[in-house]
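Chain residues, written in single-letter form:
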Amino acid sequence: NAGVTQTPKFRVLKTGQSMTLLCAQDMNHEYMYWYRQDPGMGLRLIHYSVGEGTTAKGEVPDGYNVSRLKKQNFLLGLESAAPSQTSVYFCASRDIARTGWRETQYFGPGTRLLVL
Amino acid sequence: EDQVTQSPEALRLQEGESSSLNCSYTVSGLRGLFWYRQDPGKGPEFLFTLYSAGEEKEKERLKATLTKKESFLHITAPKPEDSATYLCAVQAPGTASKLTFGTGTRLQVTL
């Protein structure tokens, strides 16, 4: 099992450009999450999904869109990048099938995004 | 609103010098408290989950404890390879089991 993988690892964008970050998991997990991590701010939830075809807003959703067309993939889109979106983005997934809410979240390696 | 505060922000220890990291939390109905380890340039790696006050869990040199207001991560006789940022997060009841994270404690263990 590869676990949770993220593509790309690093990207530089100019203000106003768009891009999509891909998260893939091979653990058949139902729930998936997108976080951003900034110095002194901790991990903050952007969007999440409780199953294929579902998405919901987290703590800091503005400027981002997401899609979960397949159970194993969770895409994070930036339509018009801004310097404030410079951050490290982490994807996580979680299994609820076996023990319900007691399962932990497993994180990917992150995508570093720099918006100039 | 759920809140998690970790202290200290940074801690420098000599190899073998034991210490504790603190995680104070405010949450409506704690479902679980999670500890993660994060190495530079990598994603958080799961360490422990604690579910109720009084619970303790151990893994090698690490021991996590939980009270109704805070959790401690005790590090006994640390080694340089224990150097990392340690993150605490709480889970409250509700949809999607969302986690609220603290800002972490950056631990450096020197020879």
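(A) The arrangement of the sheet that holds strand β7 (residues 62–66) of chain B in detail. Residues and elements named next belong to chain B. Taken in spatial order, the five strands make up an open sheet running β1-β3-β8-β7-β6, and their pairing is antiparallel. Two strands lie at the open edges of the sheet, namely β1 (3–7) and β6 (56–59), each paired on one side alone. Here the average twist between neighbouring strands, direction ignored, is 15°. Bridging between β7 and strand β8 (residues 70–75) involves five bridges; their strand directions are antiparallel. Residue pairing in the sheet places Thr65 in a bridge with Phe72 of β8.

(B) Spatial organisation of the pattern of salt bridges. All names here are of chain A. For the coordinates displayed, the defined rule picks out seven salt bridges over all chains. For Asp38, the salt bridge identified is with Arg36, shortest N-O distance 2.9 Å. Exposure remark for Asp38: the relative accessible area of 12% places this residue in the buried category.

(C) Up close: the interface of chain B and chain A. Taken together, the contact pairs 20 residues of chain B with 22 residues of chain A. For the pair chain B and chain A, the two sides together bury roughly 1,700 Å², of which 58% comes from carbon and sulfur. For the pair chain B and chain A, the interface holds zero salt bridges. The tally of links from chain B across to chain A stands at three residue pairs in polar contact (both at pLDDT 80 or more). Put simply, the parts of the chain that give the side of chain B that touches chain A at least two residues each are β4 (32–38), β9 (84–91) and β10 (99–101) of chain B. The element that contributes the greatest number of residues to the side of chain B that touches chain A is β4(B), accounting for three residues.

Basis of the calculations
Residues numbered from 1 in each chain as written. Chains lettered and ligands numbered in written order. Predicted model: local features only at pLDDT ≥ 70, side-chain atom pairs only at ≥ 80, totals over all residues. Heavy atoms only, no water. Pairing = 2+ DSSP bridges. Helix = DSSP H or I, 4+ residues; strand = E, 2+ residues; numbered from the N terminus. Axes fitted to C-alpha atoms, helices over the stretch in contact; angles between N-to-C directions. Salt bridge = Lys/Arg side-chain N within 4 Å of Asp/Glu carboxyl O. Buried < 20%, exposed > 50% of the residue type's maximum accessible area, 1.4 Å probe, protein only. Contact = heavy atoms within 4.5 Å. Buried area = accessible area lost by both parts, 1.4 Å probe. Polar contact = N/O pair within 3.5 Å; in protein donor to acceptor, adjacent residues only side chain to side chain.

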